[in-house]
Amino acid sequence: MTSIGRRLGPAGLVGSAAVAVLLGYESSLSPPVGVAIAAAGVVATAAMRFGRSPGVRELAIGPMLVALAVVTITAPLSALSELWAGLGGVVAIVWLVDDPDRAPGGITRGATTIAIPALAVGIAWSSALLLPGGTLTFGITAALLVLVLAGVAVLLGRPDLFDRDEVTSYGDRE
Amino acid sequence: MTLRGGRGELAWTPRTFLFLGAGAGLLVLAVALRDPVPLFLGLPLLVAPAAAALSAPRADPRVGFAWREEGDGGDVRVTGAITPGSGTLAEDLVVGIRRPPSLQANSPELAQPTSGVVRLGCEWVATEPTIAVVPPPSVVWRDPAGFVERNVRGVDGELVIVRYPPELTRLGALHFDRTTVLPGETRSRRLGANGEFFGLRLAVPSDPPRRINWKASARAGRLLANDYALERTGDAVLLLDARATELGPEIDERLLSIARAATQGIAEALLRSKARVGVGIFGEFLQPVPLAMGSTHRLRIRSALAAARLSTQPGPPERCAIAMRRYFPPGVTVILVSSLAGDASGSLVPYLRYRGFPLLVLSPSPVPFLRTTVPLEPADDALANRLIALDRRAQLARAWNDAPVVDWSEFGSLGAFVEFVRRPAHRRVA
């Protein structure tokens, strides 16, 4: 039986709640409304992780992503908002990896899946912070993201790109 | 649900599309609003599935798989282990166990990764006699975030669970000439290389050395060989009526499941007593398993019965009788396992008899499953049950004109059947 603690996923829950509330507080909506939206998303996701249907649990992260998107869109343009937004995406992955339906230790096993997006966010945020700002930088960032999107679309259409033929020794053939 | 191109390819889960959709939406919003903040949220969402795919095995991983069934009576315990190969963690394997509908779960099925091995554990209950085929568990490799999946190779082999009433174990050796009032099988004796010592005869060149009785040969001054007598209790054919009736598919399926289990149990009991056993499954056409004996034949019968399905195109009884004559010698005792529900099932009995097969009918009763769906007053309910019982008695009486019938309504026990075939009497068995 999965315990309540495992169902909640403490690392993901605390991280997501903190980031979402910070973003909600900073959003151009009034602070109580922003915080309420962020909190509602986190609570809904936490509740869906207790769902009976596997399909509900599978897509439990959805409400939190929607809440994060709302408070992110309404957040003012600042280095801190960008950082919280990037961290929001990363903690969403952390929460996902801490899956109560799977064996414990998901965060350790999924370190690659967490680290690569975190690295991408780190590079993007430090570039935005250190490089001179302006519409040119924004255009380059958008273009890079479009390229990433196109690359992901190609990968989705060609999953065999990740495949590799099994090695067969002469002994196996015999 | 996953999107996969086929075996050997990486498959994306719905979670991937949720993340990519959200990331793409944020990208569009950022460009439309000329606001870079949503881009920072979208970036990890777009990158994460590709990162997960990079951590996936490059080919379908192989695992070692073994499982077995334990328990007795109605209890069914299935245990097993899935041992991942090198480079694959047991924690990354997602295992799904499909319980056969004829078994009920005592507790949730377990697939627990423990010290590098996924241990399987199921505790089920068979409330009725059944032959249940448990398909091999579905095993996939899934990344910890649940973005990508891969099939796993090496998990195959069905598990066949057979549960039948325990009385069949004391069915013992039967002499089929006593099971019916009609002329049937007689106890036969076959001389050969197996069985008890029967006598001596002159050796022939084809006799192997171990069959030569050397001491007797020395005394007689010529080569003598041993003869052995294999006493056979007779041949029997178990005929399973797998045709749909007007009872409806739900009740028909349950009765067929019970009948299959009883047929398997009787076949095993007869094979243990060194009888030759054949099986016929009659749906639209007859599917025969020819007369034979031995442990291999037991598995052959089990496979045939496990594969038996209800036929929605019921074949005419005459077709069954003609096919029986084609595959089995006339005069062999036939144990017909049929619910006898409906005219078509009942008419099978005289057709088989006219074709020269002495019959004994074991009839799983549909009465326990016949419940009115309309709520009735207690008096009306009792009257309805009484009418159902009378109709059943009329069906059995019609069949009794041609062959003895054992009505089987208590599915946990086949005591009435065993008693009848061991000590047959010219009386009805309820």
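Residues numbered from 1 in each chain as written. Chains lettered and ligands numbered in written order. Predicted model: local features only at pLDDT ≥ 70, side-chain atom pairs only at ≥ 80, totals over all residues. Heavy atoms only, no water.

*Asks:* It is not clear to me how the packing of aromatic side chains should be interpreted in this structure. Could you clarify?
*Replies:* Each aromatic ring pair is summarised here by two numbers: the centre-to-centre distance and the angle between the ring planes. Residue and element names in this part refer to chain B. Counted under the stated rule, the structure contains 5 aromatic pairs over all chains. Both rings, one in Phe65 and one in Trp67, keep their centres 5.3 Å apart while their planes meet at 50 degrees; by these two values the pair is tilted. Each of the two residues, Phe65 as well as Trp67, counts as buried. With centroids separated by 5.6 Å and ring planes inclined at 15 degrees, the aromatic side chains of Phe369 and Phe411 adopt a geometry described as stacked. On the criterion of sequence distance, the pair formed by Phe369 in the loop between β19 (359–364) and α8 (378–400) and Phe411 in the loop between β20 (405–408) and α9 (415–422) is long-range, its members being 42 residues apart. For Phe369, a relative accessible area of 14% puts it in the buried group. (Phe/Tyr/Trp six-rings, centres within 6.5 Å; stacked < 30°, edge-to-face > 60°. Buried < 20%, exposed > 50% of the residue type's maximum accessible area, 1.4 Å probe, protein only. Helix = DSSP H or I, 4+ residues; strand = E, 2+ residues; numbered from the N terminus.)

*Asks:* Looking at this structure, how should I read the sheet that holds strand β17 (residues 286–292) of chain B?
*Replies:* Within a beta sheet, neighbouring strands are joined by backbone hydrogen bonds and run either parallel or antiparallel to one another. All names here are of chain B. Read from one edge of the open sheet, 6 strands run β17-β16-β15-β18-β19-β20, paired in mixed fashion. Only two strands of the sheet have a single neighbouring strand rather than two, namely β17 and β20. Direction aside, the axes of adjacent strands within the sheet are offset by 15 degrees on average. Both strand β15 (residues 235–241) and strand β16 (residues 276–282) contribute to a ladder of 7 bridges, which runs parallel. Bridging across to β16, Ala236 finds its partner in Val277. Relative to β17, helix α6 (residues 317–327) is tilted by about 30 degrees, and along the sheet it contacts β15, β16, β17 and β18 (333–337). (Pairing = 2+ DSSP bridges. Axes fitted to C-alpha atoms, helices over the stretch in contact; angles between N-to-C directions. Contact = heavy atoms within 4.5 Å.)

*Asks:* Can you help me understand the side chain of Asp402 of chain B in this one?
*Replies:* Mapped onto the elements of the fold, Asp402 of chain B is located in the loop between α8 and β20. There is a polar contact of 3.0 Å between the side chain of Asp402 of chain B and the side chain of Arg353 of chain B. (Polar contact = N/O pair within 3.5 Å; in protein donor to acceptor, adjacent residues only side chain to side chain.)

*Asks:* Quick question: what am I supposed to make of the sheet that holds strand β10 (residues 148–151) of chain B here?
*Replies:* All names here are of chain B. Within the open sheet, the 4 strands sit side by side as β1-β10-β9-β4. Their pairing is antiparallel. Only two strands of the sheet have a single neighbouring strand rather than two, namely β1 (11–12) and β4 (93–96). Pairing analysis gives 3 bridges linking strand β9 (residues 138–142) to β10, with the strands arranged antiparallel. Within the sheet, the bridge partner assigned to Val140 lies in β10 and is Asn151.

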